[in-house]
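Working through the structure, step by step
So you can see what is in the structure, the chains are spelled out below.
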Amino acid sequence: LLDELSHTMGSTIVLVELLYKVTDILIQQMKVSRGLFVLLKNDSSIYTIQANGYKENPKVDIDDVLKLAKDGTAVYDELDENSQYKEILRKYEAAVSIPLETEKEIVGVLLVGEKNSGDMFNQQDLRILEIIAPEVLVAIENAKSFEEISRFNVTLRQEVTRATHRLKEKNQQLRELDKAKDEFISMASHQLRTPLTAIKGYLSMLLDGDAGEIKVGQFDFIHEAYSGANRMVDLINDLLNVSRMDTGRFFIEPVEIDIEAMVKEEIEQLMNQANGKGLELKLEKKGKIPHIWADETKIRQVVMNFIDNAIHYTYKGKITVKLGKENSLFVFSVTDTGIGIPKVEQTKLFEKFYRANNARHVRPD
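Heads up: these notes are all about the structure in this document. Along each chain, residues carry numbers from 1 onward, in the same order as the chain's sequence is written. Note on the predicted model: pLDDT of at least 70 is required for a residue's local features to be given, and 80 or more for side-chain atom pairs to be given and counted; whole-chain, interface and lining totals, by contrast, use all residues. Side-chain measures were taken over the full set of non-hydrogen atoms in the model, leaving aside hydrogen atoms and water.

1. Description of the environment of Lys264
We count a stretch as a helix when DSSP gives it H or I for four or more residues in a row; a strand needs E for two or more, and each element gets its number in order from the N terminus. Mapped onto the elements of the fold, Lys264 is located in helix 7 (residues 259-276). Each residue gets one of three labels from its accessible area relative to the maximum for its type: buried under 20%, exposed over 50%, partly exposed in between, using a 1.4 Å probe on protein chains only. Of the residues examined, Lys264 reaches a relative accessible area of 38% and is grouped as partly exposed. With 18 residues separating them in the primary sequence, Lys264 and Lys282 have C-alpha atoms 9.8 Å apart.

Structure representation (structure tokens):
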């Protein structure tokens, strides 16, 4: 009996199966009529019931179980006729009640039916039941833990599934919003270009004297307006480029470029801006500069942005533009004596529209 119980408890982890197999072994080996396990939850409610050998599963009262569990092993034939314990055992057609408890809590009871032979339970029978009770209790605790973990895993999977579904819905909404944003930027950029082109055109004609001679003071005002219109066009182009990149419509069209000539052209265009701030803007060239393959419009924008930023964020000193060749690479660099970029913020340089704190203070616009 002990050997068979030990093997069963060591190889069975599902609680219901474990309880049924243990009662079945007791019925077969000890030749008893029935077996009943009642397990409790926190001493206050029934966790599970497993009956074997009953015509109908008995209706178990929690108070009955608590009384049996608290007062040790109870044997029907040894109890007084008016004992409440005898009445409880009779109610559940049991001859013996074995409590299942740890040092901290009552786990439940094991009820064993009368012997098929009609004999009383002797001391050896009771001793065997008391020996197996702690072993059964360990197996029950392991099975309960496994059951709770299994339930937790099911709950966890359900929560993950629900959370994943919600995330997919939110992600789809964000995609739709992002698409609407990109479409708006693209549409607005194109629409803004039309009036700006007209503004730039008429301002350019005024500066060229097409509408007659203008006074010196007027020239300065018109020139500032023309420069502002140009900056606005650049901003719109930037927005349009961002929109194109997000929608995968940003194309690179490389051609052969005289990069030295291009850099010189950009320096000439920005020279007045540097002189106006009292800054020295110079070009340093090392060796013969080769032609390169690149998208002319976009590489020109990169060159212009580097130099233009250096001028904007430098208040005294100089800006040095360098051209050179290292092995098979063309190298273009701009060095200035301006505010620089804090080291802690350099990792964020390539985030969309990111500006360092010191730059935002200098140019809030």
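2. Some points on unusual backbone geometry
In this structure, Lys31 is a non-glycine residue whose phi angle is positive, near 55°. In this fold, Lys31 is placed in the loop between helix 2 (15-29) and strand 1 (35-41). Relative accessible area serves as the criterion here: at 54%, Lys31 is assigned to the exposed category. A positive phi angle, close to 55°, is found at Asn327, a residue other than glycine.

3. Looking at a nonpolar patch on the surface
Where nonpolar side chains cluster on the molecular surface, the patch consists of Ile13, Val14, Val16 and Phe146 and spans about 310 Å² of accessible area. Within the element layout of this structure, Phe146 appears in helix 5 (residues 123-207). Residue classification places Phe146 among the partly exposed positions, given a relative accessible area of 38%. Each patch is built from residues lacking any salt bridge and having more than 30% relative accessible area; the joining distance is 9 Å for like charges and 5 Å for nonpolar side chains (Val, Leu, Ile, Met, Phe, Trp, Tyr). Per-residue and other accessible areas were derived by the Shrake-Rupley procedure at a 1.4 Å probe size, with only the shown protein chains allowed to occlude residues. In what follows, salt bridge is the name for a side-chain nitrogen of Lys or Arg lying within 4 Å of a carboxyl oxygen of Asp or Glu.

4. Examining the sheet that holds strand 1
Read across the open sheet, the five strands follow the order 2-1-5-4-3; overall the sheet is antiparallel. In this open sheet, the two edge strands, each paired with only one partner strand, are strand 2 (45-52) and strand 3 (74-75). Being paired, for any two strands, means DSSP has found at least two bridges between them. Bridge count for strand 1 against strand 5 (residues 106-112) is five bridges, and the pairing is antiparallel. Across the sheet, residue Leu36 finds its bridge partner in strand 5, namely Leu111. Whether two residues are in contact is decided by their heavy atoms, any of which lying within 4.5 Å being enough. For helices, the fitted axis covers only the stretch in contact; all axes are lines through C-alpha atoms, and the angles between them, taken along N-to-C directions, range from 0 to 180 degrees. Packed on one face of the sheet, helix 2 meets strand 1, strand 2 and strand 5 and runs near 45° to strand 2.

5. Thoughts on the pairing of strand 9 (residues 318-326)
Two strands pair when backbone bridges link them, and strand 7 (residues 280-285) and strand 9 are joined in this way by six bridges, in the parallel orientation. Paired with Lys282 across the two strands is Thr320, which belongs to strand 9. Where strand 9 and strand 10 (residues 329-336) come together, eight bridges link them in antiparallel fashion. Counted as the bridge partner of Leu323 is Phe332 from strand 10. The hairpin formed by strand 9 and strand 10 contains two residues between the paired strands, and Asn327 there has a positive phi angle of roughly 55°.

6. Overview of helix 1 (residues 2-11)
Along helix 1, the residues that are buried comprise Leu5, Thr8 and Met9. With its buried residues spanning 95° around the axis, helix 1 presents them on a single face. Within helix 1, the exposed residues directed more than 90 degrees away from the buried face are Asp3, His7, Gly10 and Ser11. Taken together, the buried residues of helix 1 touch helix 2 and helix 5. Here the arc refers to the set of directions running from the helix axis out to each C-beta atom.

7. As for the packing of aromatic side chains
Each aromatic pair joins two rings of Phe, Tyr and Trp (for Trp, the six-membered one) with centres within 6.5 Å, and gets the label stacked for planes under 30 degrees apart, edge-to-face for over 60, and tilted for any other angle. Counted according to the given criterion, the structure contains one aromatic pair. A centroid spacing of 5.8 Å and a plane angle of 70° characterise the contact between Phe306 and Phe332, whose relative ring orientation is edge-to-face. You can see Phe306 sitting in helix 8 (residues 296-312) and its partner Phe332 sitting in strand 10, a full 26 residues away along the chain. Residue Phe332 is classed as buried on the basis of its relative accessible area, which comes to 18%. Sitting over the ring of Tyr315, Lys277 keeps its end group 4.9 Å from the ring centre. Two limits define a charge over a ring: the Lys NZ or Arg CZ must be within 6 Å of the ring centre, and within 35 degrees of the ring normal.

8. Structural notes on helix 2
Here a helix's expected span is defined as the number of its residues, less one, multiplied by 1.5 Å. If you check helix 2, its first and last C-alpha atoms are 21 Å apart, about what 15 residues at 1.5 Å a residue would give, namely 21 Å. Residues Leu15, Leu18, Leu19, Val22, Thr23, Ile25, Leu26 and Ile27 constitute the buried set of helix 2. Elements that come into contact with the buried residues of helix 2 comprise helix 1, strand 1, strand 2, strand 5 and helix 5. Immediately beyond the C-terminal end of helix 2, within one or two residues, lies Lys31, with a positive phi of roughly 55°.

9. Description of the side chain of Asp125
Inspection of the secondary structure assignment puts Asp125 in helix 5. Each residue touching Asp125, except ones within four places of it in the same chain, is listed here: Met30, Lys115 and Met120.

10. Comments concerning the packing of helix 7 against helix 8
Close contact between helix 7 and helix 8 brings their axes to 10 Å; oriented N to C, the two are set at 30°. On the basis of the axis angle, helix 7 is roughly parallel to helix 8. Considering only the axes of helix 7 and helix 8, their crossing is right-handed. Note on element contacts: helix 8 touches helix 7 through Glu296, Ile299, Arg300, Val303, Met304, Ile307, Asp308, Ile311 and His312, opposite Met262, Val263, Glu265, Glu266, Ile267, Leu270, Gln273 and Ala274. Residue classes follow a fixed rule: Ala, Val, Leu, Ile, Met, Phe, Trp, Tyr, Cys and Pro count as nonpolar, while Asp, Glu, Lys and Arg count as charged, and any other residue, Gly among them, counts as polar. Residues that form the contact of helix 7 with helix 8 fall into these classes: ten nonpolar, two polar and five charged. Oblique is the label for every angle not falling under 35 degrees (roughly parallel), over 145 degrees (roughly antiparallel), or within 65 to 115 degrees (roughly perpendicular). In this scheme the crossing of two helices becomes right-handed for a clockwise turn of the near helix relative to the far one and left-handed for an anticlockwise turn of less than a right angle.

11. Some details on the layout of surface pockets
Space inside and on the surface of the protein is sampled on a 1 Å grid over the protein atoms alone, with a cavity defined as a set of points where a 1.4 Å probe fits but cannot get out and a pocket as an open set with protein on both sides within 12 Å along at least 5 of 7 lines; lining residues have an atom within 4 Å of a point. Grid points are joined across faces, edges and corners, and a volume is the space filled by probe spheres set on the points. Taken as a whole, the second largest pocket holds about 160 Å³ of empty space. Around the second largest pocket, the lining is made up of 14 residues, and of these Tyr76, Asp77, Ala95, Glu114 and Lys115 lie nearest the centre. Looking at side-chain class alone, the lining of the second largest pocket contains seven nonpolar, one polar and six charged residues.

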